[in-house]
Amino acid sequence: RTPHTLAPDRLETSKKTPRIEAIANDKLVLDDGSRKIEVYHQVGTDHNDGIVMVYLPTEKILVEVDAWNTESVTAPRSRNVNPYMVNLHDNITRLGLDVVEIVPLHGPRTGTMKELEERIRPAN
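In short, a report on the structure. (Residues numbered from 1 in each chain as written. Predicted model: local features only at pLDDT ≥ 70, side-chain atom pairs only at ≥ 80, totals over all residues. Heavy atoms only, no water.)

1. Some remarks on the nonpolar core
Of all hydrophobic cores here, the largest spans 15 residues; its most connected members are Leu62, Leu88, Ile92, Leu97, Val99, Ile102 and Leu116. Of all the secondary-structure elements, those providing two or more residues to this core are strand E3 (52-56), helix H2 (83-95) and helix H3 (113-119). Sorting elements by how many residues they give to this core places H2 first, with three residues. Not counting residues within four places of it along the chain, the set of residues in contact with Ile102 comprises Leu62, Glu64, Trp68, Ile92, Thr110, Gly111, Thr112, Met113 and Leu116. (Core = buried A, V, L, I, M, F, W, Y, C linked by side-chain atoms within 4.5 Å. Buried < 20%, exposed > 50% of the residue type's maximum accessible area, 1.4 Å probe, protein only. Helix = DSSP H or I, 4+ residues; strand = E, 2+ residues; numbered from the N terminus. Contact = heavy atoms within 4.5 Å.)

2. Remarks on the sheet that holds strand E2 (residues 36-41)
Reading across from one edge, E1-E2-E3-E4-E5-E6 is the order of the six strands in this open sheet, with mixed pairing throughout. For this open sheet the edge positions go to strand E1 (27-31) and strand E6 (111-112), each flanked by a neighbour on one side alone. H2 contacts E2, E3, strand E4 (61-64) and strand E5 (101-104) of the sheet and is inclined by roughly 50° relative to E3. (Pairing = 2+ DSSP bridges. Axes fitted to C-alpha atoms, helices over the stretch in contact; angles between N-to-C directions.)

3. Notes on the pairing of E1
Strand direction decides the pairing type here: E1 and E2, joined by five bridges, are antiparallel. Each residue of the ladder has a partner; that of Asp31, found in E2, is Lys36. In this antiparallel pair of consecutive strands, E1 and E2, the connection spans four residues, and Gly33 shows a positive phi of 95°.

What follows is the structure, encoded as structure tokens:
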């Protein structure tokens, strides 16, 4: 509600009240009649209690942040698996999402579900 007086953004200059929607029961579906976007609460992560991931079911794409940044695809495998990556995989499995491609908001490139599964297996 505080005005952005130094560098007003488009919301501030439009004078519109933002619409905020809660994710009830860990899922929110946005549907315009021709396409669905599913927003899920990513449960069990130690990173942030309010972190979400977005699933595009038609394209089988999952958009996520701070769980897998995909630079690990080319890094040597470690005996210590990143718990955020395991949690991401656990959430995808728990929700029964048919994910093919994963888009990290902080990563250098997209990854695949197959690559994520490979990276969460500890090195021998």
